[in-house]
Every structure is written in structure tokens, then in C-alpha cells.
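# Coordinates in review
The primary structure of each chain is shown beneath.
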Amino acid sequence: MFANVGWGEMLVLVVVGLVVLGPERLPGAIRWTSGALRQARDYLSGVTSQLREDMGPEFDDLRGHISELQKLRGMTPRAALTKHLLDGDDSIFTGNFDKPAPGAPSVEPVPPQPDDGEPRQPDRPPFDSDAT
């Protein structure tokens with residue numbers, strides 16, 4: 001439950017508790033909090049075992065569905081788009097367009113044009129100064 005709380009955060013909580021509650025009431029508050037957490041953990045494990053007894057094998061199926069929902073909950077919009085619409089090809093996001101997508105047909109590169117010594121002008125549409 002508190003897996004993300006490190007020692008630094010615990011120290012800050014103790015100092016804040018010491019300032020707010022004072023040194024006389026802090027040990028009692030810590031005992032009460034740890035007892036409440038222990039009681040909640042025991043209650044939740046009892047509920048889990050009761051569900052497992054009542055549901056039988058369907059409980060494992062339910063846990064499978066819940067784990068799938070957890071995977072979807074942790075998915076970012078980019079990962080969802082990549083997985084479902086682009087079949088896992090994230091080259092549109094990474095800018096790696098040289099690598100073909102998995103399962104895509106390979107495209108041959110266009111051979112370079114022979115150089116006749118004159119600089120090539122790019123093909124541009126004619127410029128019409130009256131139109132602008």
C-alpha cells in the first residue's frame with residue numbers, strides 16, 4: 001500500500017507529526033496508525049479468502065480480467081494508439097521512417113539520376129505575382 005513511500009518521506013512525516021502533535025502524543029498516534037493499517041490489511045485478506053472460497057475457480061477468472069483492466073489503465077494514449085491502430089509500429093512517433101513496419105512490403109530505393117554537370121532546379125509551380 002505504501003510501496004512508493006521512501007525513507008525521506010517517512011522522515012518528513014515524522015517531523016511534521018512531531019511539530020503538529022508534539023512529542024507527548026506522537027508515539028500514541030504512531031501506534032494507532034499502525035494498528036489501523038494492520039486491521040485494514042487483515043480485513044482485506046479475509047475478504048479475499050472469503051471470495052476465493054465462495055467463488056471457487058471463477059475467482060481466478062475474475063483476477064485475470066482485473067489484471068487485464070490494470071494493464072489498460074496503465075496504458076498511455078500513445079501506447080494505445082500504437083498497439084491498436086498501428087499494430088505496434090511506432091515509427092510515426094519516433095521519426096524512424098527508414099525501417100519498414102513489421103509485415104509491410106519492402107520498397108526499393110530510387111536509384112540516383114546521372115549527373116550531367118549542370119545544377120538541377122527543383123520542380124516548382126510557376127509563380128504568379130497577380131494571384132498573391
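Basis of the calculations
- Residues numbered from 1 in each chain as written.
- Predicted model: local features only at pLDDT ≥ 70, side-chain atom pairs only at ≥ 80, totals over all residues.
- Heavy atoms only, no water.
- Helix = DSSP H or I, 4+ residues; strand = E, 2+ residues; numbered from the N terminus.
- Areas by Shrake-Rupley, 256 points an atom, 1.4 Å probe, with all protein chains shown as cover.
- pLDDT = per-residue confidence, 0-100.
- Patch = residues over 30% accessible without salt bridge, like charges linked within 9 Å, V, L, I, M, F, W, Y side chains within 5 Å.
- Salt bridge = Lys/Arg side-chain N within 4 Å of Asp/Glu carboxyl O.
- Axes fitted to C-alpha atoms, helices over the stretch in contact; angles between N-to-C directions.
- Parallel < 35°, antiparallel > 145°, perpendicular 65-115°, else oblique.
- Contact = heavy atoms within 4.5 Å.
- 1 Å grid on protein atoms, 1.4 Å probe; cavity = no way out; pocket = protein on both sides within 12 Å on 5 of 7 lines; lining within 4 Å.
- Points joined across faces, edges and corners; volume = space filled by probe spheres on them.
- Nonpolar A, V, L, I, M, F, W, Y, C, P; charged D, E, K, R; others polar.

## What about the overall build of the protein chain?
Helix and strand counts for the protein chain come out as four helices and zero strands. Total accessible area on the protein chain is roughly 12,300 Å²; 60% of this is exposed by carbon and sulfur atoms.

## Remarks on the confidence of the model for the protein chain
Of the residues in the protein chain, 72% reach a pLDDT of 70 or more, and the chain-wide mean stands at 77. Averaged over each element, pLDDT in the protein chain is lowest for helix 4 (residues 91-94) (68) and highest for helix 1 (residues 7-55) (89).

## Observations regarding a nonpolar patch on the surface
On the surface, Leu11, Val12, Val15, Val16, Val19 and Val20 cluster together into a nonpolar patch covering about 580 Å² of accessible area. Within the secondary structure, valine 20 sits in helix 1.

## Quick look at the packing of helix 1 against helix 2 (residues 58-73)
Taken N-terminus to C-terminus, the directions of helix 1 and helix 2 make an angle of 120 degrees; their axes are 7 Å apart at the nearest point. Put simply, helix 1 runs oblique to helix 2. Every residue of helix 2 that contacts helix 1 at Thr48, Leu51, Arg52 and Met55 is listed here: Glu58, Phe59, Leu62 and Arg63.

## Details of the layout of surface pockets
Here the largest pocket is characterised by a volume of approximately 450 Å³. Residues of the lining of the largest pocket, tallied by class, amount to 10 nonpolar, three polar and two charged.

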